[in-house]
Amino acid sequence: MDPLLVGPQRCHAFGPYAQPAMSIDRLPPHNQEAEQGVLGCCMLAREALEMAQDIIKGEEAFYDLRHRTLWSCMQEMAAENLPIDMISLPARLKDRGQLEGCGGLVYLSAIWDSVPTSANVTWWAEIIRQQWIKRSVIQRATELVGDAYDSPEMSAEDLVERFTGKILGISD
């Protein structure tokens, strides 16, 4: 028996990512470089964080769990009016016991070094937002497929109404 097969669906782990793909050959929409770019920009300039916050409404917009943790930590530090840089961010993560889970100093340094300027933060933030919306649509559509199979007593009209509500519930 295929160890990746569980019931009628395949599941697998793709490292530090938030959601499993529906099949082994497809990952949910995301852009690793854009996520790294936004985080690097936010370490370079406080204004970049503020611009990114206008576009990225929550940590769930990030696909990579390491990036979710970094974004959340940056949000907390900003709320406390603390600097967000290569000294204070790793220190906060270490205090929270999350530094190694985020890739350690090596990964943070790579993010920091990959961004020469914060000028493109809004471009990259919009890419992250678009990919999150696509993942949200996929997730909700998948839930509706399950509803269609698992709720034979539900009328087709009720199913369409539920689908419409779930899709309209995607916040952008």
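### Some words on helix H6 (residues 121-150)
For step 1, the next point in the chain: With 30 residues, H6 extends 43 Å from end C-alpha to end C-alpha; this agrees with the ideal 44 Å at 1.5 Å per step.
For step 2, the next point in the chain: Buried residues along H6 sit in contact with helix H1 (32-44), helix H2 (46-55) and helix H7 (156-168).

### Remarks on the nonpolar core
As a rule of thumb, soluble globular proteins bury nonpolar side chains together.
For step 1, the next point in the chain: Val38, Ile56, Leu70, Trp71, Leu89 and Leu93 are the most contacted members of the largest nonpolar core, which totals 36 residues.
For step 2, the next point in the chain: Only H1, H2, helix H3 (65-79), helix H4 (88-95), helix H5 (104-113) and H6 provide two or more residues apiece to this core.
For step 3, the next point in the chain: With residues up to four places along the chain from it excluded, the contact list for Ile56 reads Val38, Ala61, Phe62, Trp71, Ala125 and Ile128.

### Comments concerning H4
For step 1, the next point in the chain: Within the sequence span of H4, burial applies to Ser88, Leu89, Pro90, Arg92 and Leu93.
For step 2, the next point in the chain: Where H4 is buried, its residues meet H1, H3 and H5.
For step 3, the next point in the chain: Immediately beyond the C-terminal end of H4, within one or two residues, lies Gly97, with a positive phi of roughly 75°.

### Considering the environment of Ser118
For step 1, the next point in the chain: Relative to the elements of secondary structure, Ser118 occurs in the loop between H5 and H6.
For step 2, the next point in the chain: Taking the relative accessible area as the measure of exposure, Ser118 reaches 19% and is therefore buried.
For step 3, the next point in the chain: Spatially, the C-alpha atom of Ser118 lies 7.8 Å from that of Gly40, the residues being 78 residues apart in sequence.
For step 4, the next point in the chain: In this structure, Ser118 is in contact with Cys41, Leu44, Ala45 and Ala48, ignoring residues within four places of it in sequence.

### Quick notes on the pattern of salt bridges
For step 1, the next point in the chain: According to the stated counting rule, one finds 8 salt bridges in the structure shown.
For step 2, the next point in the chain: Residue Lys166 is joined to Glu143 by a salt bridge in which the shortest nitrogen-to-oxygen separation is 2.9 Å. Pair noted here: Lys166 is in helix H7 and Glu143 is in helix H6, with a separation of 23 residues, a long-range link.
For step 3, the next point in the chain: Owing to a relative accessible area of 24%, Lys166 belongs among the partly exposed residues under this scheme.
For step 4, the next point in the chain: The exposure class of Glu143 is partly exposed, given its relative accessible area of 33%.

### Quick notes on the packing of H2 against H6
For step 1, the next point in the chain: Axis separation between H2 and H6 bottoms out at 9 Å; the angle between their running directions is 30°. By the angle between their directions, the pair H2 and H6 is classed as roughly parallel. For the crossing formed where H2 meets H6, the hand is right-handed. When H2 is examined against H6, the residues Ala48, Met51, Ala52 and Ile55 are found in contact with a partner set consisting of Val121, Thr122, Ala125, Glu126 and Arg129.
For step 2, the next point in the chain: Here the contact of H2 with H6 is built from residues that sort into 6 nonpolar, 1 polar and 2 charged.

### Topic: unusual backbone geometry
For step 1, the next point in the chain: Even without being a glycine, Asn81 presents a positive backbone phi close to 60°.
For step 2, the next point in the chain: For Asn81, the location among the structural elements is in the loop between H3 and H4.
For step 3, the next point in the chain: The exposure class assigned to Asn81 is exposed, which follows from its relative accessible area of 63%.

Cut-offs applied
Residues numbered from 1 in each chain as written. Predicted model: local features only at pLDDT ≥ 70, side-chain atom pairs only at ≥ 80, totals over all residues. Heavy atoms only, no water. Helix = DSSP H or I, 4+ residues; strand = E, 2+ residues; numbered from the N terminus. Expected span 1.5 Å × (residues − 1). Contact = heavy atoms within 4.5 Å. Core = buried A, V, L, I, M, F, W, Y, C linked by side-chain atoms within 4.5 Å. Buried < 20%, exposed > 50% of the residue type's maximum accessible area, 1.4 Å probe, protein only. Salt bridge = Lys/Arg side-chain N within 4 Å of Asp/Glu carboxyl O. Axes fitted to C-alpha atoms, helices over the stretch in contact; angles between N-to-C directions. Parallel < 35°, antiparallel > 145°, perpendicular 65-115°, else oblique. Left-handed = near helix turned anticlockwise from the far one by under 90°. Nonpolar A, V, L, I, M, F, W, Y, C, P; charged D, E, K, R; others polar.

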